[in-house]
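If you want the building blocks of each chain, they are given just below.
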Amino acid sequence: MLSFAALTLRLGSTGCRGGRRNLATIVSGNKTSQLVRERLKEDLDQMRGQFPGFRPGLVVLQVGDRDDSNLYISMKLKAAAEIGINASHVRLPKTATEDEVLRRIVEVNENLEVHGLIVQLPLDSINPMDTEKVTNAVAPEKDVDGLTSINAGKLSRGDLGDCFIPCTPKGCMKLISQTGTSVAGKNAVVIGRSKIVGAPMHDLLLWSHATVTTCHSKTTDLAAQVGRADILVVGAGKAEMVKGEWLKEGAVVIDCGINHIPDDSKANGMRVVGDVHYPSAKEKAGFITPVPGGVGPMTVAMLMENTVQSAKRFLKTYQPGKWNISYAKLKPQKPQPSDVAIAHSFTPKTIGRLAREVGLFSEEVEPYGTTRAKVRLEALNRLKTQPNGKYLVVTGITPTPLGEGTTTTTLGLAQALGAHLHVNSFACVRQPSRGSNFGVKGGAVGGGYCQVIPMEEVSLHLTSDIQAVMAASSLVVDTINARVLCESTQSDKALFDWLVPLRDGHRKFSLSQLNRLKRLGIEKPETLKPEEIYRFIRLDIDPETKTLSGYVASEMMAVLALSTSLGDMTRRLARVVVAYSRKGKPVTTEDLGISGVLATLMRDAVKPSLMQTMEGTPVFVHTCPLSDIAQGNSSILADQIALKLVGPEGFVVTEAEGGAELGMEKFFDIKCRSSGLHPDVVVMVASVPALKMHGGGPAVTAGSAMPKEYSAENLTLLENGCNHLKRQLENARAFGLPVVVAINTFSTDTDAELGLVCEQAKLAGALEAVPCSHWAEGGAGAVALGQAVQRAAETPHQMNFLYDLEGLGNLPICMAKTHLSLSHDPERKGVPTGFTLPIRDIHANLGAGFLYPLVGTTSVPPQSPAFSCFHDNDFSTESK
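Structural notes, computed from the coordinates. (Residues numbered from 1 in each chain as written. Predicted model: local features only at pLDDT ≥ 70, side-chain atom pairs only at ≥ 80, totals over all residues. Heavy atoms only, no water.)

**Here we look at empty space enclosed by the protein**
- One pass over the full model with this rule turns up one cavity of 30 Å³ or more.
- In terms of lining, the largest cavity is formed by Leu117, Ile118, Val119, Thr135, Val138, Asp143, Asp145 and Leu147. (1 Å grid on protein atoms, 1.4 Å probe; cavity = no way out; pocket = protein on both sides within 12 Å on 5 of 7 lines; lining within 4 Å. Points joined across faces, edges and corners; volume = space filled by probe spheres on them.)

Next up, the structure:
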């Protein structure tokens, strides 16, 4: 009795020596493949029950338009649709190059919605193609054809559970099993040694414990080899080469061949046959597969099975909305080493790996070395339908030389959320602004065990954004000087010919020139009158009003930070006012005809730079505006891309530089107006020593030792300083959002002092107040803060702006004042009262889109220090 009766057909009986015998049993690939497809449908129903809406994805990549390839592809797509697999056909033209094919493969490799990728062979291109290189470009985990060297290698060494088996050999094994024949101990012969059929078939039979012989075109006495086979698999590609008389009586014959031979009885004059002479083979074989209807349908069925298997493997590690990211394990040392020593003790993962972990495609990442990269804005377009994550803004009390640690807390909170609370988290911070002499603050981002690494790369050139801005600002100044000189020395005709040269009897106006003509009310540039030419060419710049390079650079960096796209940046740059005419009319970069080249100079700077924290969480480092002269926040684009990447359950932690009355207010009223983004939680950073200074403690200079008044317990001094915290909490809560206070702890803090700050913060309206030790412990020291932030984000809230936009151009206000005091006087700490804010001038940054009143003696750009932080810094190999 045959257990596979439903899958086979008897051919009847015939005479033979010694009596009559049954002819070979047909092993039907059609029926077996149908059972496989029905089982796969059930598997997919179970998947959808566990993951609603989930469908395995399959992509068939074809080069050219061969008829035979089109036929095979249509069969695969039809089978996929029947089962419920989301299959798509990507056809590249015959003119496609190898690089184009490889790029398309990489795109599919990185698409999480695709679980199987097959490259249809042959590659029908007019250009040279390395088939081995192309097939090996397929990610092994998506190689459902089983053709990559990695999958072939695993199969050859017997790792059958950890690879994809090529579809035709896998189908052959299924058909052999349907005969009820045990492979173990049998003599098996494989004819053919191709990578698609023969070689993997040999391995499968071998690891099923058969004694396997592989024959090929150089094999002598092929008939004798075939005659010893209990199991014969033929994939030689030669029509009817194996004769029936060669076979061992009762052998299992699996015919993988598909050949066309002349047959006048057929409408097309051709008949499909296999590699085995079927009429004679059926007389002697015990089991035989027909052609067509044997191995062919099983190959397609096994492709579907491999695709479903790939989807199952994906789902084992897949958590909806969760990154598959690795984190570094910190081992904080006591006593704590310097920031430089800590930074150099960590080896960051490669930027390509980090980018993949957070869901970026290779084509969206432009590496600068191995640990930093630019992220292209195409990523934002791809993710535009993805819901945003939770949005946190970190601000602080008014800064003091004793340190509050807003940047350190920003990074520590991101590390806590990601590496310890296992939530997708992204930090967005500004690039260190060195100024002309490295500035007082110096380089680096963060401190202790909460830093962006590598330190040298983030502290110095990074990805040359600052250099691009400085080059652009220098171009503006040089162009103004050149224009003033030319207008003072050239006639109207000479100047007109210089600006709009006559070529082949015609003048071609640039886009910026056409825009200028439009602003002047001149509608017909082709027939300009002398008076119109004069108005067009003469900017009549007043040399006393031309903008200094530092001013221009400040606004251009603000433009960079507030732009929402490359086009938006281009339009903003065109509006930048860089001088005034003698009649007091503003002169813009577009008037100078350089807005386009400015955008070209800054086209790479608009892309956020991707780096990582010490624990391997992602960080965008982008733009470096200062809060006392600009909006003091990282870029909108960095925040937007990060919010898409973390997904709806993730968190983006962005920093607002300076105190809440300055950087945070500008974050809301300038940055949020431009971006349309509304935060969910405000994190207010404070420290016990800084609050003591605001409570009346002695003055301290940067870098000096901490006076005993700050290291010894002094609750009275601290309580006085908490009045400053209360005022800043009032400022933060005015925007309608929940506020969590993060107390950045020092080793000298006492429990009583920390308890007092927590109590005062809650009385002032903070939702929670949490002591944090992330500087000394990394993310582990900010876990409680992370949990508090998670709770706060779930509370009902509605953000509101503090004022309506009324005034010049309906622009928001950017107060250019000291960041060291709530007042205009940097020496007045705490909560100063009884002062009048002196506004000595109001400037308009029309490109950036805000007005900035100059308060007191604020310098734009800020003055360089007498003793800068480049002294005694040496990052050479010998000094590390």
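Picking up after the structure, the text goes on.
**A look at the sheet that holds strand β6 (residues 86–92)**
- Sheet architecture is open: three strands sit in the order β6-β5-β7, paired in parallel fashion. Taken across any chain shown, the strands that pair with only one partner, and hence form the sheet edges, are β6 and β7 (116–119). For this sheet, the mean inter-axis angle between neighbouring strands, taken without regard to orientation, is 15°.
- Looking at chain direction, strand β5 (residues 57–63) and β6 are connected through seven bridges and run parallel. For glycine 57, the partnering residue across the bridge sits in β6 and is asparagine 86. (Pairing = 2+ DSSP bridges. Helix = DSSP H or I, 4+ residues; strand = E, 2+ residues; numbered from the N terminus. Axes fitted to C-alpha atoms, helices over the stretch in contact; angles between N-to-C directions.)

**Considerations on unusual backbone geometry**
- Residues leucine 121 and proline 122 are joined by a peptide bond in cis, for which omega reads 0°.
- With respect to the element layout, proline 122 can be found in the loop between β7 and α4 (131–136).
- In the segment running from isoleucine 453 into proline 454, the intervening peptide bond is cis, with an omega of 0°.
- Relative to the helices and strands, proline 454 is located in the loop between β20 (450–453) and α15 (455–459).
- Phi at histidine 422 takes a positive value of approximately 55°, unusual for a residue other than glycine.
- Within the secondary structure, histidine 422 sits in the loop between α14 (406–420) and β18 (425–429).

**So, the packing of aromatic side chains**
- Counted by the stated rule, this structure contains eight aromatic pairs.
- Between the aromatic rings of phenylalanine 496 and phenylalanine 509, the centroid separation amounts to 6.4 Å while the plane-to-plane angle is 45°, which identifies the pairing as tilted. Of this pair, phenylalanine 496 sits in helix α17 (residues 492–499) while phenylalanine 509 sits in the loop between β22 (506–507) and α18 (511–519), placing them 13 residues apart in sequence.
- Given a relative accessible area of 12%, phenylalanine 509 falls into the buried group. (Phe/Tyr/Trp six-rings, centres within 6.5 Å; stacked < 30°, edge-to-face > 60°. Buried < 20%, exposed > 50% of the residue type's maximum accessible area, 1.4 Å probe, protein only.)

This is a description of form; function is not addressed.
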